[in-house]
Every structure is written in C-alpha cells, then in structure tokens.
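Architecture at a glance
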Amino acid sequence: MRDTIPSGVIEALRGAKSVVVLSGAGVSAESGIPTFRDAMEGLWAKYDPMELATPQAFAQNPEMVSRWYDERRQNCALVKPNPGHHALARMERCLIERGGEFTLLTQNVDRLHQAAGSRNVIELHGSIWEWRCERCGVSREERGGPFGQYPPQCACGGTRRPGVVWFGEQLPPKAVRDSELALGRCDLFFSVGTSAVVQPAASFVYLAKRRGAKTVEINREPTPVSDIVDWSIMGKSGAILPELVDMAFKK
Ligand code: NAD
Ligand code: ZN
C-alpha cells in the first residue's frame, strides 16, 4: 500500500526553479543496502551501530571496525542504483534543461546517486569508497577487493580509516555551507528515505521553510518531519519518485 501523489506536489515540481533533495539510507534500501537499523544482521547482530560507527570504536578496535566497513564497501560494489536514484537523476536533468537548479544533499555513503547520473551531489556523511590515512591525511578511492589486512595501512605507516562521518564527528564544513546556500535559494524541498533525526540534516526542512519553500517528505513510515512538511507521502522512494518525475515532466 502506498499513497497517491498529491497534485499539489506535481504542480510544485513542475513550477520549481530551485529544488533541493535530502536523501537518506531509505533511498538505497531497495538496491539491497540495508539501513543502519537493518544492517546489524548475521555476524554483526550483537553490535549496535552506535558502538561501531564512532571514533572511539575505531580507536579501541580498529581491526573490527575497519573489517565491518570493508564488508559494507564490498556489498556496495555488488549493488546498482534503483528506480528512485534514476528518477532523481532525471529530475535534475529536467530542471537544468528548463534553466532551473537542483542540489542533492545525501547522507548516503554509497555513491549510488552518482552512479545513476546525478551531478550536483553534496556528500554530507562522506563516502565508504574513500579511505583516509590518520597520520598523513591522504585519502584515496578504493574500488578493489577486500583489503586483506585490518586496519588497512598507508605507505607512510599510518592507519587508514573509512572516509565516512562517524557519530560524534563534525560534518565536512564545506558540505554544510554549500547545503545551507542551496537551501537558502530553494523553492521546493524534498526529504526522502531519511528518518531526519540526525543533525544538521534534521534542521534542513526548517531552513527550507524559513526561505518560503514548499516541503515534501517521501518515506515508508511517518517520521518527526511528517507533521512539519506541506506534503508527506508514505511509500517506497523507488516507486514514488519515478511516478512523480513522470507526471511532472511528461512531454
Ligand atoms: P536514516 O536515518 O536515513 O533512516 C532510514 C529511513 O529510510 C527510515 O526513516 C525508513 O523508514 C526509511 N526507508 C526505508 N526504506 C525505504 C524505502 N524503500 N523508501 C522510502 N523510505 C524508506 O538512515 P539510518 O539507516 O538510520 O542511517 C544513519 C546514517 O548511517 C546515514 O545517514 C548514513 O550516513 C549511514 N548509512 C548509509 C547507508 C548508505 O549509504 N546506503 C546505509 C546505512 C547507513
Ligand atoms: Zn599516510
């Protein structure tokens, strides 16, 4: 069961000059990448993500934490963008063709948006493909097989960590600044597949509203944002987004 798309949302997208989309783990769920709530299965069932995805966890047990992230990196290598990712890439192309603007703020670390063809993507939580040396700071994209040694080592002798933002860490300042600039210009804001409880992303809907933008949520279930937005659409992003883009931009 899912909601039908309100005609107001279709009209808002059709008339929008500047669209900002905030995406979360839910958008990648249909590609087979579990959200954190679902990721702790099998071997990892006894762990709490709050205990693995922290700088303290890495300091205490770099072997285990880097192995967990490397498994997740291997999983990301096996999956493909789903219709929700493709629809967002199409939304961007349609808006640009009309002289509009589009910015995708993602909390996902899997780069599936880029794989689907999205261009203007801001990675708020970094990327699981980038691994950074804690000593010399050099970061490199790793697309190969499992590291085989945990934690992976840098040529300088330092320890390398996944280039993701852990709980308790600052978001990349430039990503936050660029997000705020885009939100300050937008006339339509979507929150898609995110529980919208983690700051600063949780505040983005308020920034958009303050700017006077119309706001929309797309999620499988209600979230704290549901009562704040102009329209909350319950359903899977992989079904709702393609239909929305089809309806807004049909020739
Ligand atoms: P989250 O807070 O973004 O929560 C996921 C949300 O997606 C939930 O509200 C859920 O109801 C919704 N959802 C699930 N399936 C959906 C679907 N098919 N369509 C629409 N909505 C759906 O994310 P989280 O899992 O709590 O993860 C926290 C952080 O961990 C993320 O922000 C990210 O940094 C990292 N993470 C990234 C990935 C990824 O890159 N794919 C996956 C897991 C976790
Ligand atoms: Zn180094």
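Residues numbered from 1 in each chain as written. Chains lettered and ligands numbered in written order. Predicted model: local features only at pLDDT ≥ 70, side-chain atom pairs only at ≥ 80, totals over all residues. Heavy atoms only, no water.

**Observations regarding the site of ligand 1**
Filter applied, for reference: We call a residue near a molecule or strand when any one of its heavy atoms sits within 4 Å of it. Each polar contact in these results corresponds to two N or O atoms within 3.5 Å; when the atoms are within protein, one needs to be able to donate a hydrogen and the other to accept it, and residues that are neighboring in sequence are counted only if both atoms are side-chain atoms. Surface exposure here means Shrake-Rupley accessible area, sampled with a 1.4 Å probe, where a residue is shielded only by the protein chains that are shown. Each helix corresponds to a stretch of at least 4 residues labelled H or I by DSSP, and each strand to a stretch of at least 2 residues labelled E; elements are numbered beginning at the N terminus. Residues were grouped as follows: Ala, Val, Leu, Ile, Met, Phe, Trp, Tyr, Cys and Pro as nonpolar; Asp, Glu, Lys and Arg as charged; and all remaining residues, including Gly, as polar.
Contacts to ligand 1 come from 25 residues, most closely from Phe-36, Asp-110, His-125, Ser-195 and Asn-219. Within the backbone of Val-109, one N or O atom sits 2.7 Å away from an oxygen atom of ligand 1. Within the complex, 94% of the 840 Å² of free accessible area of ligand 1 lies under protein. It is helix α2 (residues 25–29) that provides the largest number of residues to the shell around ligand 1, a total of four residues. Across the shell around ligand 1, the residue classes break down as six nonpolar, 13 polar and six charged.

**Section: the domain arrangement of the protein**
Cut-off, in case you're wondering: Domain segmentation is taken from an automatic or database assignment of domains. Residue contacts are defined here by distance: any two heavy atoms, one from each residue, within 4.5 Å place the two residues in contact. Buried area adds together the accessible area that both of two parts lose upon being put together, with accessible area traced by a 1.4 Å probe. Criterion for a salt bridge: a side-chain nitrogen of Lys or Arg within 4 Å of a carboxyl oxygen of Asp or Glu.
Once the domains are mapped, the protein shows domain 1 (7–32 + 81–125 + 171–248) and domain 2 (42–78 + 129–164). When each unit is reduced to the centre of its C-alpha atoms, the spacing between domain 1 and domain 2 is 28 Å. Counting residues at the interface gives five residues for domain 1, matched by nine residues for domain 2. A buried area of about 490 Å², summed over both sides, lies between domain 1 and domain 2, and 46% of it is on carbon and sulfur atoms. The largest per-residue losses of area from domain 1 upon contact with domain 2 belong to Val-109, Asp-110 and Arg-111, which jointly make up 74% of the total buried on that side. Our count for the contact surface shared by domain 1 and domain 2 stands at two salt bridges. Residues Glu-130 and Arg-111 are paired through a salt bridge, measuring 3.2 Å at the closest nitrogen-oxygen approach. If you look at where domain 1 meets domain 2, you find three residue pairs in polar contact (both at pLDDT 80 or more). Residue composition of the side of domain 1 that touches domain 2, by class: one nonpolar, two polar and two charged.

**Some details on the side chain of Glu-123**
Rules: Three labels apply to residues, based on accessible area from a 1.4 Å probe with only protein chains included: buried if under 20% of the type maximum, exposed if over 50%, partly exposed otherwise in between.
The topology assignment puts Glu-123 in strand β3 (residues 121–123). The class for Glu-123 is buried, based on a relative accessible area of 19%. A polar side-chain atom of Glu-123 sits 2.8 Å from a polar atom in the side chain of Arg-111. Here the side chain of Glu-123 touches Gln-114 through a polar contact of 3.0 Å, side chain to side chain. With sequence-adjacent residues up to four places away left out, Glu-123 is seen in contact with Thr-106, Arg-111, Gln-114, Pro-172 and Ala-175.

**Observations concerning the coordination of the zinc ion (ligand 2)**
Worth spelling out the cut-off: Distances up to 2.8 Å from the metal define which N, O and S atoms are donors, and 3.2 Å serves for Na, K and Ca; water is absent from the atom set, so sites may look incomplete. Geometry assignment treats four donors as tetrahedral when all angles are between 85 and 135 degrees, treats four as square planar and six as octahedral when opposite donors are over 155 degrees apart and all others between 65 and 115, and treats everything else as irregular.
Protein coordination at the zinc ion (ligand 2): the donors are Cys-133 (SG), Cys-136 (SG), Cys-154 (SG) and Cys-156 (SG), at 2.3 to 2.4 Å from the metal. Coordination at the zinc ion (ligand 2) is tetrahedral: its four donor atoms span angles of 100 to 121° at the metal. Mapped onto the sequence, the residues coordinating the zinc ion (ligand 2) show the spacing C-x2-C-x17-C-x1-C. Classification of Cys-133 by relative accessible area gives buried; the value is 2%.

**Some thoughts on helix α7 (residues 83–97)**
Keep this limit in mind: Given a helix with a known number of residues, its expected span is that number minus one, times 1.5 Å.
Between its terminal C-alpha atoms α7 stretches 21 Å, which fits the 21 Å expected from 15 residues at 1.5 Å a residue. Taken residue by residue, α7 has Gly-84, His-85, Ala-87, Leu-88, Ala-89, Met-91, Glu-92, Cys-94 and Leu-95 as its buried positions. Where α7 ends, the next residue or the one after it, Gly-99, has phi of about 85°, a positive value.

**Looking at the sheet that holds strand β2 (residues 101–106)**
Hydrogen bonding along the main chain pairs the strands of a sheet, whether they run parallel or antiparallel. Applicable threshold: Should DSSP find at least two bridges between two strands, the strands are taken to pair. Between the N-to-C directions of two axes lies an angle of 0 to 180 degrees, each axis being a line fitted to C-alpha atoms and, for a helix, fitted only over the stretch in contact.
The six strands lie next to each other as β3-β2-β1-β7-β8-β9, forming an open sheet whose pairing is parallel. Every interior strand has two partners, whereas the edge strands, β3 and β9 (231–234), have only one. Looking at each pair of strands side by side, their axes are set apart by 15° on average, direction ignored. Sitting on the sheet, helix α9 (residues 173–183) is in contact with β1 (18–23), β2, β3 and β7 (188–192), with an inclination near 140° to β3.

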